[in-house]
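Architecture at a glance
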Amino acid sequence: DSGVTQTPKHLITATGQRVTLRCSPRSGDLSVYWYQQSLDQGLQFLIQYYNGEERAKGNILERFSAQQFPDLHSELNLSSLELGDSALYFCASSVGAGGNQPQHFGDGTRLSIL
Amino acid sequence: GDSVTQMEGPVTLSEEAFLTINCTYTATGYPSLFWYVQYPGEGLQLLLKATKADDKGSNKGFEATYRKETTSFHLEKGSVQVSDSAVYFCALSYQAGTALIFGKGTTLSVSS
């Protein structure tokens, strides 16, 4: 058990809809990262938050947004969903913001767009 | 840009065989290197890491050495078990705080 909790585990929705994925980091971790895993693109970094502030941005679409709340949990919002957004979305956390610190991953949310 | 290239899978081995999964990287600076493992239905787990050239990371019988001259970080294990069947990801990141850049993953299947 990594200590990172992601909900829901599975999400099935239709094109054009909006969903929210939730992540609770390990106790004591200030950084939260979001990744997308798909068969064609592999694991892609989306966005990082550190102690409530956006720290780094990767290949995140404009239709996607995220935030980190004062209690350090994070939410990833995906809107105007398209078939190609079907993927496994992982959240990871680490103690600090440095890239050489180990990241601890949740079990992911599997998003299926019908 | 920075990238990680792993050998294509799947890799199929018999129990107690020797394992090598090749990983090379392209980086503009001096990254830290990682191997993560993903078991079916689970998230990624850190297997081992190395933060500078010639460092050797090791864990659970797996080893990898950071080779700056060949820009490689190959994963090895002397004797694999069925329980090692999983997807293995090589990754890099920088101390400055960027996120992990992953290779595409290599599926390992070990049979008894």
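Everything here concerns the structure above.
If you're wondering where the values come from, they're calculated on a predicted model, not measured in any experiment. (Residues numbered from 1 in each chain as written. Chains lettered and ligands numbered in written order. Predicted model: local features only at pLDDT ≥ 70, side-chain atom pairs only at ≥ 80, totals over all residues. Heavy atoms only, no water.)

**Here we look at the pairing of strand S5 (residues 32-38) of chain B**
All names here are of chain B. Counted residue by residue, S5 has seven buried out of seven residues, so it is predominantly covered. Of the two faces of S5, the one lined by Ser-32, Phe-34, Tyr-36 and Gln-38 and the one lined by Leu-33, Trp-35 and Val-37 are each fully buried. Relative to strand S6 (residues 44-50), S5 runs antiparallel, the two being bridged by six bridges. Paired with Val-37 across the two strands is Gln-45, which belongs to S6. Taken together, S5 and the strand that follows it, S6, pair antiparallel across an intervening segment of five residues, in which Gly-41 is found at a positive phi of about 75°. (Buried < 20%, exposed > 50% of the residue type's maximum accessible area, 1.4 Å probe, protein only. Helix = DSSP H or I, 4+ residues; strand = E, 2+ residues; numbered from the N terminus. Pairing = 2+ DSSP bridges.)

**Looking at the interface of chain A and chain B**
A common way to report how large an interface is uses the accessible area buried once the components associate. Listed as interface residues are 21 residues of chain A and, on the opposing side, 20 residues of chain B. Summing both partners gives a buried area of about 1,500 Å² for chain A against chain B, and 54% of it is carried by carbon and sulfur. At four residues, strand S5 (residues 42-50) of chain A tops the list of elements feeding residues into the side of chain A that touches chain B. When grouped by side-chain class, the residues that make up the side of chain A that touches chain B number nine nonpolar, nine polar and three charged. (Contact = heavy atoms within 4.5 Å. Buried area = accessible area lost by both parts, 1.4 Å probe. Nonpolar A, V, L, I, M, F, W, Y, C, P; charged D, E, K, R; others polar.)

**A look at unusual backbone geometry**
Look at the link from A:Thr7 to A:Pro8: it is a cis peptide, with omega at -10°. By the element assignment, A:Pro8 lies in the loop between strand S1 (5-7) and strand S2 (10-13). In this structure, B:Pro10 follows B:Gly9 across a cis peptide bond, with omega equal to -5°. By the secondary structure assignment, B:Pro10 is in the loop between strand S1 (3-6) and strand S2 (11-14). Notably, A:Ser80 is not glycine yet its phi reads approximately 45°, a positive angle. Looking at where A:Ser80 falls in the secondary structure, it is placed in the loop between strand S8 (74-78) and strand S9 (87-94). Judged by its relative accessible area of 44%, A:Ser80 falls in the partly exposed class. Unusually for a residue other than glycine, B:Thr71 sits at a positive phi of about 45°. In this structure, B:Thr71 sits in the loop between strand S8 (62-65) and strand S9 (75-77).

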